[in-house]
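Summary of structural features
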Amino acid sequence: MIYMDHAATTPVKEEVVEAMEPYFTKYFGNPSTIYKVGREAKKGMEEAREKVADLIGAKVDEIIFTNGGTESDNMAIKGVTLRNKDKGNHIITSQIEHPAVAETCAFLEKFGFEITYLPVYSEGIVKVEDLKEAITDKTILITIMHVNSEIGTIQPISEIGKIAKKKGIAFHTDAVQSVGKIPVNVNDLNVDLLSMSSHKLYGPKGVGALYVREGLRLEPFIHGGGQEKNLNSGTENVAGMVGLGKAAELAKRELDNNMKHLSNLKEKLVKGILAIEEVYLNGYIEKMVPGTANFRFIGIEGESLVLLLDGNGIAAATGSACSSKKLKASPVLKAIGLDVVDSHGSLRLTLGPENTEKEVEKVIEVIKTSVEKLRLMSPIWNSR
Ligand SMILES: *Cc1c(COP(=O)(O)O)cnc(C)c1O
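Residues numbered from 1 in each chain as written. Predicted model: local features only at pLDDT ≥ 70, side-chain atom pairs only at ≥ 80, totals over all residues. Heavy atoms only, no water.

1. Focus on the pairing of strand 10 (residues 292-297)
Stated formally: Three exposure classes are used, based on accessible area relative to the maximum for each residue type with a 1.4 Å probe and protein chains only: buried under 20%, partly exposed in between, and exposed over 50%. Only runs of H or I of at least four residues qualify as helices and only runs of E of at least two qualify as strands under DSSP, and these elements are numbered from the N terminus. The rule for pairing is simple: two strands pair if DSSP sees at least two bridges between them.
Of all 6 residues that make up strand 10, 6 are buried, and the element is covered over most of its length. The side-chain alternation of strand 10 yields two buried faces, one formed by T292, N294 and R296 and the other by A293, F295 and F297. Across 3 bridges, the pairing between strand 9 (residues 279-281) and strand 10 is antiparallel. Across the sheet, the residue bridging to Y280 is R296, located in strand 10.

Shown next as structure tokens:
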């Protein structure tokens with residue numbers, strides 16, 4: 001199999017599995033207890049917290065473990081808005097957020113919050129000027145993702161953060177697609193809250209973290225025993241946290257090498273694919289993470305292409321994994337100006353460190369022949 005869907009999820013690294021294993025068996029204790037096996041669990045958890053903090057330049061106390069990227073986003077957005085609802089009811093976000101942010105904002109709309117969705121233009125990037133204009137004296141939260149999951153574009157988080165800071169508005173970024181892929185430092189990015197997910201960086205599924213800047217108070221939305229500073233009640237997923245910690249440690253160590261490797265692979269991939277007639281890259285390539293490439297093939301259905309690739313042992317995606325089961329056009333591709341037909345002709349390839357040049361060559365070759373095959377049967381292509 002050639003796996004090129006790393007934006008959907010990544011395999012768990014062997015070293016991560018090994019680090020987790022003792023926390024299912026030997027150190028199974030409840031970290032809230034004071035006897036030895038509980039203390040050992042707690043120790044594993046706290047060491048993991050240090051590693052996560054270290055990866056993003058945060059203080060240990062600023063890391064809250066969650067049950068994944070989705071929960072981190074919910075915790076940040078609901079936490080800030082419910083806590084500050086007396087100060088205002090306005091949230092600024094973008095048109096290309098992950099459903100974990102977009103749907104949370106839509107939920108809050110039902111309770112009287114007003115949302116501004118910033119446009120991203122054909123480049124797939126928000127404009128800082130638009131953000132400045134959108135701010136009102138009712139704005140209590142800005143939430144803009146760091147890297148888009150479908151097209152890989154990098155948003156001007158640091159500049160947005162500067163503006164938010166000056167205005168005293170809490171600023172959250174969903175960094176699930178950037179942590180472990182490009183340098184991420186909470187101070188350089190000027191963020192107050194940052195979401196990350198373990199399974200997008202070679203850790204296990206069902207665990208993540210939320211960075212919460214020291215001094216910022218959130219309203220909890222899960223109530224119970226008060227774990228994770230009262231923000232995530234429930235007995236901790238210790239093994240998962242340890243796994244995320246290990247994945248964070250490895251991500252930090254391998255970041256530079258991975259970035260170089262992925263940039264080389266992507267250059268080759270993009271060159272090979274764009275050599276096919278009537279193929280375009282979605283999003284502005286100069287501001288994109290190294291591993292992501294989203295192409296649109298004129299006259300083709302992305303779904304059919306994915307199936308042909310699958311038949312050749314290649315795992316790739318149309319739009320985002322979450323929306324590929326629905327017939328609706330991807331909101332991200334719509335936001336960059338694609339019509340429904342072009343949007344359905346898009347294919348996302350997301351590379352990972354274990355991909356090789358040989359695999360890229362093979363994928364280019366299979367896509368080339370698949371596209372030819374599909375276009376022979378395509379009424380859109382043949383009636384151009
Ligand atoms: C995958 C993803 C999420 C959700 O993370 P889970 O851990 O799967 O809940 C949120 N935001 C972005 C940008 C993602 O790519």
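2. With respect to the sheet that holds strand 4 (residues 114-118)
Formally: Angles run from 0 to 180 degrees between N-to-C directions of axes, and those axes are lines fitted to C-alpha atoms, restricted for helices to the stretch in contact. Here, two residues are considered to be in contact whenever any of their heavy atoms come within 4.5 Å of each other.
Across the sheet, which stays open at both edges, the 7 strands sit in the order 2-8-7-6-5-3-4 with mixed pairing between neighbours. Every other strand in the sheet has two partners, leaving strand 2 (63-66) and strand 4 as the edge strands with one partner each. Going from strand to strand, the sheet's axes swing by 20 degrees on average, the running direction of each strand aside. This element, helix 2 (residues 36-56), spans strand 2, strand 7 (193-197) and strand 8 (208-212) of the sheet and lies at about 115 degrees to strand 2. Across the sheet, helix 3 (residues 69-83) touches strand 2, strand 3 (90-94), strand 5 (139-143), strand 6 (170-174), strand 7 and strand 8, and the angle it forms with strand 7 is around 160 degrees.

3. Side note on the packing of helix 8 (residues 302-311) against helix 11 (residues 357-376)
Keep this limit in mind: Any angle from 65 to 115 degrees is called roughly perpendicular, while one under 35 is roughly parallel, one over 145 is roughly antiparallel, and all others are oblique. We call a crossing left-handed when the near helix sits turned anticlockwise from the far one by less than a right angle, and right-handed when that turn is clockwise.
Where helix 8 contacts helix 11, the axes come no closer than 10 Å and their chain directions differ by 130 degrees. It follows from the interaxial angle that helix 8 and helix 11 lie oblique. Considering only the axes of helix 8 and helix 11, their crossing is right-handed. Contacts between helix 8 and helix 11 pair S304, L305, L308 and L309 from the former with V366, I367, S370, V371 and L374 from the latter.

4. Focus on the side chain of N148
The cut-off we apply is this: Contacts described as polar in this section are N or O atom pairs within 3.5 Å, which, within protein, must combine one atom able to donate a hydrogen with one able to accept it, while residues neighboring in sequence count only if both atoms come from side chains.
Relative to the elements of secondary structure, N148 occurs in the loop between strand 5 and helix 6 (157-167). Its relative accessible area of 1% is what places N148 among the buried residues. A polar contact is formed between the side chain of N148 and the backbone nitrogen of E150, at a distance of 2.8 Å. Among all residues touching N148, those that are not within four sequence positions of it are I96, T153, Q177 and V332.

5. Some thoughts on the site of the ligand
Note the threshold: One heavy atom within 4 Å of a molecule or strand makes the whole residue count as near it. Methods summary: accessible areas were calculated by the Shrake-Rupley approach with a probe of 1.4 Å, and residue burial reflects only the protein chains presented. As a working rule, the residues Ala, Val, Leu, Ile, Met, Phe, Trp, Tyr, Cys and Pro are called nonpolar, Asp, Glu, Lys and Arg charged, and the rest polar, with Gly in that last group.
Close contacts around the ligand come from 13 residues, with T70, D174, Q177, S197 and K200 the closest. At 2.6 Å, a side-chain N or O of T70 approaches an oxygen atom of the ligand. D174 is positioned such that a nitrogen or oxygen atom in its side chain is 2.6 Å from a nitrogen atom of the ligand. Calculation on the ligand without its partners gives an accessible area of 380 Å², and the protein chains cover 88% of this total. In terms of residues, the shell around the ligand owes the most to one element, helix 3, which gives 3 residues. By residue class, the composition of the shell around the ligand is 2 nonpolar, 8 polar and 3 charged.

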